[in-house]
Amino acid sequence: DSGVTQTPKHLITATGQRVTLRCSPRSGDLSVYWYQQSLDQGLQFLIQYYNGEERAKGNILERFSAQQFPDLHSELNLSSLELGDSALYFCASSVTPSSQGGEQYFGPGTRLTVT
Amino acid sequence: KNQVEQSPQSLIILEGKNCTLQCNYTVSPFSNLRWYKQDTGRGPVSLTIMTFSENTKSNGRYTATLDADTKQSSLHITASQLSDSASYICVVISSGSARQLTFGSGTQLTVLP
């Protein structure tokens, strides 16, 4: 158990809908990262937050957005869902940013299925 | 463009044998390089983190090497076990304003009894 929690574990929704994925980082960790992993694909970095502020952006679509709240939990919002958005979405957290050597701890993931 | 390439794409070995996985990168400016192990359907777990000045780092039966000049890293697994069957992912983190994380596509290792 990494100490990072993600909810829900599974989510099934229809195309065009909007969903929110939630992540609670390990106690004391200030950085939160979001990743997408499609079937048989590698991990794609989406976005990073550090202490409430956006720190780095990866291949995140404009239909996706995220935020980190004062209690440091984070939410990833996916809108106008398409079939291709079906994937595992992982959250990770670290005390310090990865660019400064911060060790990332991954959550169990949320499996999103768009039908 | 920052890229991380891993080879081989997949590997099958017998239990007890050793193996080496490769990672080549073109990430700049370089901050650090990590190897992760990911079991199917689960989140990755960190094996090693290597900075520019480190050439070798071990974690039990896992030994990672880094050649910053040639921009190559390897992960050597000794005396493989069935539980080593997983995807091994190389990740390179760049410093500077971008602070990007670039992931390799992974090497799928299968250890057979």
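Let me begin by describing the structure that accompanies this report. Per chain, the residues get numbers from 1 upward, laid out in the order the sequence is written. Labels are handed out in written order, letters beginning with A for the chains and numbers beginning with 1 for the ligands. Only residues with pLDDT of 70 or above have their local features reported here, since the model is predicted, and side-chain atom pairs are shown and tallied only from 80 upward, although totals for entire chains, interfaces and linings are computed over all residues. Based on all heavy atoms of the structure, the side-chain values leave hydrogens and waters out of the count.

The way it works is that DSSP assigns letters per residue, a run of H or I at least four long becomes a helix, a run of E at least two long becomes a strand, and they are numbered from the N terminus. Within chain A, the secondary structure is distributed over zero helices and 11 strands. Reading chain A from its N end, one meets helices and strands in the order β-β-β-β-β-β-β-β-β-β-β. Our radius of gyration looks at C-alpha atoms and nothing else; its globule reference is 2.2 Å times the residue count to the power 0.38. Here the C-alpha radius of gyration of chain A, 13 Å, is about what a compact globule of 115 residues would show, namely 13 Å. Overall size of chain A, expressed as C-alpha extent along the three principal axes, is 40 × 30 × 25 Å. Looking at chain A as a whole, 50% of its 115 residues qualify as buried. A fraction of 56% describes how many contacts in chain A between residues 6 or more apart in sequence connect residues 24 or more apart. When the accessible surface of chain A is summed, it comes to about 5400 Å², and 46% of that surface belongs to carbon and sulfur atoms. Only protein chains enter the calculation, and the probe is 1.4 Å; a residue is then buried if its accessible area is under 20% of its type maximum, exposed if over 50%, and partly exposed in between. By the convention used here, residues are in contact when the closest approach between their heavy atoms is within 4.5 Å. Only the protein chains shown count as cover for residues, with accessible areas throughout obtained via the Shrake-Rupley method and a probe of 1.4 Å.

The next subject is the layout of surface pockets. Detection works on a 1 Å grid of protein atoms alone, calling trapped sets that fit a 1.4 Å probe cavities and calling open sets with protein on both sides within 12 Å along at least five of seven lines pockets, with lining residues defined by an atom within 4 Å of a point. Grid points are joined across faces, edges and corners, and a volume is the space filled by probe spheres set on the points. What the largest pocket holds in volume is close to 670 Å³. In this structure, the largest pocket is lined by 26 residues; those nearest its centre are Gln 37, Ser 38, Leu 39, Asp 40 and Gln 41 of chain A. Put simply, the parts of the chain that give the lining of the largest pocket at least two residues each are strand E5 (43–50), strand E9 (87–94) and strand E11 (110–114) of chain A together with strand E9 (86–94) and strand E11 (107–112) of chain B. In terms of residue class, the lining of the largest pocket is built from seven nonpolar, 16 polar and three charged. In this structure, the second largest pocket encloses a volume near 370 Å³. Considering the residues around the second largest pocket, the lining is formed by 18 residues, among which Ser 2 and Phe 106 of chain A together with Arg 42, Gly 43 and Val 45 of chain B are closest to the centre. At the level of secondary structure, the elements contributing two or more residues to the lining of the second largest pocket comprise strand E10 (105–106) of chain A together with strand E4 (30–38) and strand E5 (45–51) of chain B. Following the grouping adopted for this structure description, the nonpolar residues are Ala, Val, Leu, Ile, Met, Phe, Trp, Tyr, Cys and Pro, the charged ones are Asp, Glu, Lys and Arg, and the polar ones are all others, Gly among them. Class assignment of the residues belonging to the lining of the second largest pocket gives a composition of six nonpolar, seven polar and five charged.

Bringing the packing of aromatic side chains into the picture now. Two rings belonging to Phe, Tyr or Trp (six-membered ring only in the last case) form a pair when the distance between their centres is within 6.5 Å. Interplanar angles under 30 degrees mark stacking, angles over 60 mark edge-to-face geometry, and anything in between is tilted. Taken as a whole, this structure holds nine aromatic pairs over all chains when the rule is applied. A ring pair is formed by Tyr 35 of chain A and Phe 106 of chain A, whose centres lie 5.2 Å apart and whose planes are at 35°; its orientation type is tilted. Highlighted residues: Tyr 35 of chain A in strand E4 (residues 31–37) and Phe 106 of chain A in strand E10, separated in sequence by 71 residues. With a relative accessible area of 0%, Tyr 35 of chain A lands in the buried category. Given the relative accessible area of 5%, Phe 106 of chain A is considered buried. Ring geometry for Tyr 25 of chain B versus Phe 30 of chain B: centroids 5.3 Å apart, planes at 25°, classification stacked. Each of the two residues, Tyr 25 of chain B as well as Phe 30 of chain B, counts as buried. Here the aromatic residues Tyr 35, Phe 45, Phe 90 and Phe 106 of chain A together with Tyr 36 and Phe 103 of chain B are joined through ring pairs into a cluster of three or more. Seen from the ring of Tyr 50 of chain A, Arg 55 of chain A lies directly overhead, with NZ or CZ sitting 5.3 Å from the centre. In this scheme, Lys NZ or Arg CZ marks a charge over a ring once it lies within 6 Å of the ring centre and within 35 degrees of the ring normal.

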